[in-house]
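# Breakdown of the fold
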Amino acid sequence: MNPSSPQQAPLHGAKLDLLFPSPVMYFDWPDSEQLNRDLRDVVLARRTTSCGTVKTNRGGWQSDADLQDWQEAPARSLLERMTGLAAEYVARQTGRDAADFASGWKIRAWANVNEQGHYNRRHDHLGVHSFFSGVYYVNVGDIEAGQAAGGRTRFEDCSFVAIDVDRQADPLRRDYFMTP
């Protein structure tokens, strides 16, 4: 407001619509230590028999997008978790029972192994066949203190609309770091 203009009346009737929010659902499954060890072993065994692929990964190893076809029990358990969380999200959004959405999902998944200095470059999962994206951390390693990213997942907003995730930080920032 221009300080030389007359005082404007409060805009109590103004409405704020969040047209395109980016919902993020997360869950820390209890008692996952054994599954995580087993998944790690399965993924590392795959890494020894496959050169993998390079897409968004810089360093590290990424499997082909066929994890949904792996027959090992830990991979099957992970797929059940993926489907369960997606069904829960849809149920909350629609107000219906999650059991209504327990089947019919087509999953395309892969495994990443990133070690110190490795990362995945900025990317999105937009497209006709990409309704949800997810990350399951088997082992987060050491989260680097004092580093903005350093093991965290970075979500970037390219809409150029001011966000207010944390009032103590810069409300105009364009990204959010989630610590796994």
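Residues numbered from 1 in each chain as written. Predicted model: local features only at pLDDT ≥ 70, side-chain atom pairs only at ≥ 80, totals over all residues. Heavy atoms only, no water.

This part is about the overall build of the chain. Counting secondary structure elements, the chain contains two helices and six strands. The linear arrangement of helices and strands in the chain, starting from the amino end, is α-β-β-α-β-β-β-β. For the chain, restricting intrachain contacts to residue pairs at least 6 apart in sequence, the fraction spanning at least 24 positions comes to 58%. (Helix = DSSP H or I, 4+ residues; strand = E, 2+ residues; numbered from the N terminus. Contact = heavy atoms within 4.5 Å.)

This part takes up the environment of Pro23. Tracing the sequence through the fold places Pro23 in the segment before helix H1 (33-49). The exposure class of Pro23 is exposed, given its relative accessible area of 52%. Each C-alpha atom, one on Pro23 and one on Tyr89, is 9.5 Å from the other, the two residues being 66 residues apart in sequence. (Buried < 20%, exposed > 50% of the residue type's maximum accessible area, 1.4 Å probe, protein only.)

Core analysis: the largest hydrophobic core is formed by 13 residues, its most contacted members being Val43, Trp61, Leu67, Trp70 and Ala111. At the level of elements, H1 and helix H2 (73-94) are the ones that each hand at least two residues to this core. Ranked by residue count, the leading element in this core is H1, at four residues. Once residues within four sequence positions are removed from consideration, Leu67 is found in contact with Leu78, Leu79, Ala109, Trp110 and Ala111. Ala87, Val90, Ala91 and Phe101 belong to the second-largest nonpolar core, a separate cluster that totals five residues. (Core = buried A, V, L, I, M, F, W, Y, C linked by side-chain atoms within 4.5 Å.)

Running from amino to carboxyl end, H1 crosses H2 at an angle of 120°, the nearest separation of the two axes being 9 Å. Looking at the two axes, H1 sits oblique to H2. Two packed elements cross with a definite hand, and for H1 against H2 that hand is left-handed. Here Leu35, Asp38, Leu39 and Val42 of H1 lie close against H2, whose contacting residues are Pro74, Ala75, Ser77, Leu78 and Arg81. Its residues assigned to classes, the contact of H1 with H2 comprises six nonpolar, one polar and two charged. (Axes fitted to C-alpha atoms, helices over the stretch in contact; angles between N-to-C directions. Parallel < 35°, antiparallel > 145°, perpendicular 65-115°, else oblique. Left-handed = near helix turned anticlockwise from the far one by under 90°. Nonpolar A, V, L, I, M, F, W, Y, C, P; charged D, E, K, R; others polar.)

If you check H1, its first and last C-alpha atoms are 25 Å apart, about what 17 residues at 1.5 Å a residue would give, namely 24 Å. What H1 keeps buried is the set Leu35, Asn36, Leu39, Val42 and Val43. Each buried residue of H1 sits inside an arc of 130° when the element is viewed along its axis, so together they form one side. Facing away from the buried surface of H1 by more than 90 degrees, the exposed residues are Glu33, Thr48 and Thr49. Of the surrounding secondary structure, the elements contacted by the buried residues of H1 are strand S2 (61-62), H2 and strand S3 (112-113). (Expected span 1.5 Å × (residues − 1). Arc of directions from axis to C-beta.)

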